[in-house]
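For reference, the chains in residue letters:
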Amino acid sequence: MIHLTLEHGRAVTTMLAVAAASVALAAYFYRRNFRSLQPREWWRLFGLRALAIVLVVLLVFRPVASFEREQVERRA
């Protein structure tokens, strides 16, 4: 079973909330600059910006994935 935890005991929901708020704020502050672009270009640039923000949030929260496997011992 794979278990996802964050360093220093932070909650995963906190990381997701910070990422969502950061992406929403980026969209809000860059809306004037994106008006001069076509919708396809806007979505492409916004997707790249959102990806960069999510990567930075992941680096800040330092997620740790651990894999635990149960071993069944057979009788000899």
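Our subject in this report is the structure included herewith. (Residues numbered from 1 in each chain as written. Predicted model: local features only at pLDDT ≥ 70, side-chain atom pairs only at ≥ 80, totals over all residues. Heavy atoms only, no water.)

**Considering the overall build of the chain**
Scanning the chain from terminus to terminus reveals three helices and two strands. Along the chain direction, N to C, the helices and strands of the chain fall in the order β-α-α-α-β. Seen through its principal axes, the chain has C-alpha atoms that stretch 75 × 25 × 15 Å. Looking at the 76 residues of the chain, the share that counts as buried comes to 17%. Long-range pairs, those at least 24 residues apart, make up 74% of the contacts in the chain between residues at least 6 apart in sequence. (Helix = DSSP H or I, 4+ residues; strand = E, 2+ residues; numbered from the N terminus. Buried < 20%, exposed > 50% of the residue type's maximum accessible area, 1.4 Å probe, protein only. Contact = heavy atoms within 4.5 Å.)

**Here we look at the nonpolar core**
Of all hydrophobic cores here, the largest spans 13 residues; its most connected members are Met15, Val23, Phe46, Ile53, Val57 and Phe61. Secondary structure elements with two or more residues in this core: α1 (12-29) and α3 (39-61). When residues of this core are assigned to their parent elements, the largest contribution, six residues, is made by α3. (Core = buried A, V, L, I, M, F, W, Y, C linked by side-chain atoms within 4.5 Å.)

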